[in-house]
Amino acid sequence: MPPYIIRVSSLKGGVGKTTIATNLAVMLQMRGHRTLLVDCDTTNPSVGFFLGMETSNIGIISWLKSQAQLDEVVAVHSASGLRVINGQIDMDPYLPDPRMITRMLNELGKSNYEFIIIDTRPGYDGITSWRSISEALIVTLPEVPSYSGTIRSAKDFDKTGIKHKLVVNRIKNSKYEIQIDEINETYENKIVGAFPEDPIIPRSVSEKIPAVLLDQNSKFSVQMLRLSNIYAPNNFFYPRIYESFMDIIRRIINSFRKPKA
Ligand code: ADP
Ligand code: MG
C-alpha cells in the first residue's frame, strides 16, 4: 500500500497548521502506524519547536536540493518514535521550485510509511505540483479573515482535483465566531475536526512536548483522537488516551481524601 499523504494547509498564517500537523502525526504514530512528519514550511519552519527537536543543518532543504538522500534527512522523535524531516533554519526564506515538490512527493509516494503528514507554509505554494497527495487538510479559524481564505483554497483544490477536508481550530464559543453550522453549510464538504482554544497548546510549546503526549485528557487531545479515528479507524480503542480503570478508582478515592494542611 502506498503511503496516505496529507498536506496540512491554509491561506492564512498562524491558524494552527503546525499544531494540528504535529499532534496528528504523533497520534497516528502512537496508534501504531508508521508515520513521517515533513516540515515543508521552508520560509518559517517550526515543527522542531513543537517536538523539542534540534534543528540541524541537514533537513528538508538539503533533500529538496538533492544534496542529501531521504534516509539522511529523517530524524526520530524519541518520545513517540515518529519519523520527522525537520526544517532548516536559514535567515533567507527558501521557496522551492514546484518541480522539487513534485519530485519530493514522487519519492515519498514510494516510501514505506503508512501516513505522511506534510506541514506547509501559508498560501498556495504551486498547487498543481501537489496533485499526487491523498488529501489536503485545511485548517481555519472560526472568523471571517481566515475562513474567506479557506473557501478560496477549497475552490482551488477542487479545480486541481485534490480531495480536501476541513478542521476548525481555536474555537472559543464566543458570539462573534462563525458558528460550525454556518461553516458546514458553506464549506459543502466534510468538517472532520473542531478544536477548542486550549491552554495545553501554549504549555506544550513551552515544554516542547506535543499536547497529545503532555495531557491525553485535554480537550485538544480528545479532539485529536477523534480526528485520528478518521484515518485509522481500525484502531478505534486507544487505551493510552484514557485513564485506566485503576486510575479512575484512584482519582475517586483521592477526591474524598482531605487535603493535607
Ligand atoms: P500556523 O502553523 O498555521 O502558522 P501554529 O500551529 O504555529 O500556526 O499556531 C500559531 C499559534 O497559535 C501558536 O503559538 C500556537 O501555540 C497557537 N495555537 C494553535 N492552536 C491552538 C489552540 N487550539 N489553542 C490554543 N493555542 C493554539
Ligand atoms: Mg506553521
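The structure presented is a predicted model; accordingly, all values stated were derived computationally and were not measured.

Scoring rules and cut-offs
- Residues numbered from 1 in each chain as written.
- Chains lettered and ligands numbered in written order.
- Predicted model: local features only at pLDDT ≥ 70, side-chain atom pairs only at ≥ 80, totals over all residues.
- Heavy atoms only, no water.
- Near = heavy atom within 4 Å.
- Areas by Shrake-Rupley, 256 points an atom, 1.4 Å probe, with all protein chains shown as cover.
- Helix = DSSP H or I, 4+ residues; strand = E, 2+ residues; numbered from the N terminus.
- Salt bridge = Lys/Arg side-chain N within 4 Å of Asp/Glu carboxyl O.
- Buried < 20%, exposed > 50% of the residue type's maximum accessible area, 1.4 Å probe, protein only.
- Pairing = 2+ DSSP bridges.
- Axes fitted to C-alpha atoms, helices over the stretch in contact; angles between N-to-C directions.
- Parallel < 35°, antiparallel > 145°, perpendicular 65-115°, else oblique.
- Left-handed = near helix turned anticlockwise from the far one by under 90°.
- Contact = heavy atoms within 4.5 Å.
- Nonpolar A, V, L, I, M, F, W, Y, C, P; charged D, E, K, R; others polar.
- Phe/Tyr/Trp six-rings, centres within 6.5 Å; stacked < 30°, edge-to-face > 60°.

Asker: Go over the site of ligand 1, please, and point to the residues and values.
Answerer: Near ligand 1 lie 16 residues; those nearest to it are G14, K17, T18, T19 and R170. Compared with its free state, where it exposes 570 Å², ligand 1 has 81% of that area covered by protein. Taken together, the elements giving at least two residues each to the shell around ligand 1 come down to helix 1 (17-30), strand 7 (164-171) and helix 8 (200-207). Broken down by element, the shell around ligand 1 gets its largest block of residues, three residues, from helix 1.

Asker: How would you summarise the pattern of salt bridges if you had to cite specific residues and measurements?
Answerer: Within the structure shown, the criterion is met by five salt bridges. Residues K165 and E135 are paired through a salt bridge, measuring 2.7 Å at the closest nitrogen-oxygen approach. A residue pair is termed long-range when its members are at least 10 positions apart, and K165 in strand 7 and E135 in strand 6 (residues 135-140) qualify at 30 residues. Summarising the burial analysis for this pair, K165 and E135 share the class buried. In this structure, K159 and D156 form a salt bridge, with 3.4 Å as the shortest nitrogen-oxygen distance. With K159 and D156 both in helix 6 (residues 144-160), this residue pair falls three residues apart, about one helical turn. Given the relative accessible area of 70%, K159 is considered exposed.

Asker: Could you give an account of the sheet that holds strand 7, naming the residues involved and the relevant values?
Answerer: The eight strands lie next to each other as 3-4-2-5-1-6-7-8, forming an open sheet whose pairing is mixed. Pairing within the sheet leaves two strands with one partner each, and these edge strands are strand 3 (74-76) and strand 8 (191-196). The mean inter-strand angle of the sheet, taken between neighbouring strand axes irrespective of direction, is 25°. Note: strand 2 (residues 35-40) against strand 5 (residues 115-120), six bridges, orientation parallel. Residue pairing across strands places T35 opposite F115, the latter belonging to strand 5.

Asker: Run through the packing of helix 1 against helix 10 (residues 219-231), naming residues and quoting values.
Answerer: The interhelical angle for the contact between helix 1 and helix 10, taken along N-to-C directions, is 65°, at an axis separation of 9 Å. When the interaxial angle is binned, helix 1 and helix 10 end up roughly perpendicular. The two elements helix 1 and helix 10 meet at a crossing, and its hand is right-handed. In this structure, helix 1 contributes T19, I20, N23, L24, M27 and L28 to the contact, and helix 10 contributes F220, S221, M224, L225, L227, S228 and Y231. Looking at the contact of helix 1 with helix 10, its residues break down into nine nonpolar, four polar and no charged.

Asker: Which residues make up the pairing of strand 5, and what values go with them?
Answerer: The two faces of a sheet get side chains in turn, since along a regular strand they alternate between them. For strand 5, the tally of buried residues reaches six of six residues, placing the bulk of the element in the interior. Burial of strand 5 is two-sided: the residues F115, I117 and D119 facing one way and the residues I116, I118 and T120 facing the other way are all buried. Relative to strand 5, strand 1 (residues 4-9) runs parallel, the two being bridged by five bridges. Bridge assignment links I6 to a residue of strand 5, and that residue is I117.

Asker: Account for the packing of helix 6 against helix 7 (residues 180-187), naming residues and giving values.
Answerer: Two elements in contact, helix 6 and helix 7, have axes whose closest approach is 11 Å; the angle formed by their N-to-C orientations is 25°. With respect to helix 7, the axis of helix 6 lies roughly parallel. Classified by chirality, the crossing of helix 7 by helix 6 is right-handed. The residues of helix 7 that touch helix 6, namely those facing Y147, I151 and A154, are I183, T186 and Y187.

Asker: An account of unusual backbone geometry is needed here, citing residue identities and associated values.
Answerer: It is generally the case that most residues other than glycine have a negative phi and that most peptide bonds are trans. Phi is positive for R170, which is not a glycine, with a value near 60°. Checked against the element boundaries, R170 lands in strand 7. For R170, a relative accessible area of 39% puts it in the partly exposed group.

Asker: Could you give an account of the packing of aromatic side chains, naming the residues involved and the relevant values?
Answerer: Geometrically, a pair of aromatic rings is defined through the distance of the ring centres and the angle of the planes. Within this structure, the stated rule accounts for three aromatic pairs. When the centroid spacing of 6.3 Å and the interplanar angle of 70° are considered together, the rings of Y4 and F115 count as edge-to-face. Of this pair, Y4 sits in strand 1 while F115 sits in strand 5, and the two are 111 residues apart along the sequence. For Y4, a relative accessible area of 23% corresponds to the partly exposed category.

Asker: Provide a residue-level description of the environment of F157, including the pertinent values.
Answerer: As for its placement among the helices and strands, F157 is situated in helix 6. Using a relative accessible area of 2% as the deciding quantity, one classes F157 as buried. Through-space distance from the C-alpha of F157 to that of N86 is 26 Å; in sequence the pair is 71 residues apart. Among all residues touching F157, those that are not within four sequence positions of it are R7, S9, I127, A136, I138, I162 and H164.

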